[in-house]
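Residue-level structural notes
Single-letter residue listing:
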Amino acid sequence: MKPYVFITRRMPAAIVEMIERECEVSMWEEEETPVPDEILAREIKRADGIFCNVSDTITKEMIDGAERLTIIATMAVGYNNIDIEAAAARGIQIAHTPGVLTETTADLTFALLMAAARRLPEGMEAIKNDEWGAWAPFFLTGQDIHHSRLGIIGMGRIGEAVARRGKGFSMEVVYHNRSRKHEAEEAIGVRYQELDELLETSDFVCLTAPYTNETHHLMNAEAFKKMKDSAIFVNTSRGSTVDEKALFTALKNGEIRGAGLDVFEQEPISSSHPLLSLPNVTLLPHIGSASEKTRWRMAEMTANHVLQGIRGEALDHPVKE
Ligand code: GLV
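As the structure is a prediction and not an experimental result, all values here were calculated from the model. (Residues numbered from 1 in each chain as written. Predicted model: local features only at pLDDT ≥ 70, side-chain atom pairs only at ≥ 80, totals over all residues. Heavy atoms only, no water.)

**Details of the overall build of the protein**
What the protein contains, in helices and strands, is twelve helices and twelve strands. For 321 residues, the compact-globule formula gives about 20 Å, and the C-alpha radius of gyration of the protein, at 21 Å, lands near that figure. Taken along its principal axes, the extent of the C-alpha atoms in the protein is 70 × 50 × 30 Å. Within the protein, the fraction of its 321 residues that count as buried is 49%. For the protein, the accessible area works out to roughly 16100 Å², and carbon and sulfur atoms hold 51% of it. Counting 34 positive and 49 negative side-chain charges, the protein places the averaged centre of each group 2 Å from the other. (Helix = DSSP H or I, 4+ residues; strand = E, 2+ residues; numbered from the N terminus. Rg over C-alpha atoms; globule rule 2.2 N^0.38 Å. Buried < 20%, exposed > 50% of the residue type's maximum accessible area, 1.4 Å probe, protein only. Areas by Shrake-Rupley, 256 points an atom, 1.4 Å probe, with all protein chains shown as cover. Lys, Arg positive; Asp, Glu negative; His and termini not counted. Charge placed at Lys NZ, Arg CZ, Asp CG, Glu CD.)

The structure is reproduced here in structure tokens:
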């Protein structure tokens, strides 16, 4: 009997066929709606391999119900949605997709930074609402990006790629990370700072750290108060690294100038989300790695990880507990 693999969201035929060469496959056929928890639990119970994504919460309970599962491969670099301790306890391997999405996500991070700094969404709104009158000297003036200071929290692969972009824009780049990154300091020309100093002195604060117990609400009311009132906050990591209510208050009260966000505490957000009532935010629907090339490569990597796990081969990109 062939091993059985469940894919939690509709994938292109070429990706499904990669797995079907060796496995029986079924798939949640929806493209935009996540698989309901009961179905996910039922599939985890009977599958040998799971191909999942950031919108699937894979709990200890689901993992403990698994009867044959050997591999959970997620089409993402972040894996905070999977109980990795429960998986490790059951000897179930987890794979993710680091590296392949680094530059694409750094591009999006920088796009948000630029859009928020130069008020691009407000400019487009002004045109749509016929509010663009005669040229006006101080109409939609924003913040300079060049020769400003960029503070990066979380100097992993994506943080480094954002830092390189900052250097390309003649920014001074500082970073904070759990551990010093001496190689990056040398190679990119970035400087380490304690978190408070970074918050107090940066013109742009970009959060690219993974979501963990330590980074839960890392950006809270106190942190936003430390930022300059002219500064812009950008988040492309996970929504729960930020206390969204505190961010809303900081933006509303002018404690910071603006924000660019690709991730939220509860996704998706709706058009009635309080952040949307503010003019000084640029919001995106979690599309950090969403270029065609990168998403295809992530899907191929994930399919390969499923096959590697099922064959008992070493995974290209295992998540280590
Ligand atoms: C997306 O958010 C990812 O973790 O890849």
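**Observations regarding the packing of aromatic side chains**
Aromatic ring pairs: the centre-centre distance and the angle between the two ring planes describe each pair. Under the criterion given, the structure shown has three aromatic pairs. With centroids separated by 4.9 Å and ring planes inclined at 40°, the aromatic side chains of F110 and F169 adopt a geometry described as tilted. In this pair, F110 is assigned in helix 5 (residues 102-117) and F169 in the loop between helix 7 (157-168) and strand 7 (172-176), connecting sequence segments 59 residues apart. Take F110: its relative accessible area is 4%, and that puts it in the buried class. With a centroid separation of 5.4 Å and 85° between ring planes, the pair formed by F224 and F233 is classed as edge-to-face. For F224, a relative accessible area of 0% corresponds to the buried category. (Phe/Tyr/Trp six-rings, centres within 6.5 Å; stacked < 30°, edge-to-face > 60°.)

**Remarks on the sheet that holds strand 2 (residues 24-27)**
Read from one edge to the other, the open sheet built from five strands follows the order 2-1-3-4-5, with strand pairing classed as parallel. Two strands close off the open sheet at either side, each with one partner strand: strand 2 and strand 5 (93-95). On average, each strand axis in the sheet is tilted by 15° relative to the strand beside it, whichever way the strands run. Summarising the sheet, strand 3 (residues 49-52) and strand 4 (residues 71-74) pair through four bridges and their orientation is parallel. Bridge assignment links C52 to a residue of strand 4, and that residue is T74. Contacting strand 1 (4-7), strand 2 and strand 3, helix 1 (residues 13-20) crosses the sheet at an angle of about 145° to strand 2. Running at roughly 160° to strand 1, helix 2 (residues 37-46) makes contact with strand 1, strand 2 and strand 3 of the sheet. (Pairing = 2+ DSSP bridges. Axes fitted to C-alpha atoms, helices over the stretch in contact; angles between N-to-C directions. Contact = heavy atoms within 4.5 Å.)

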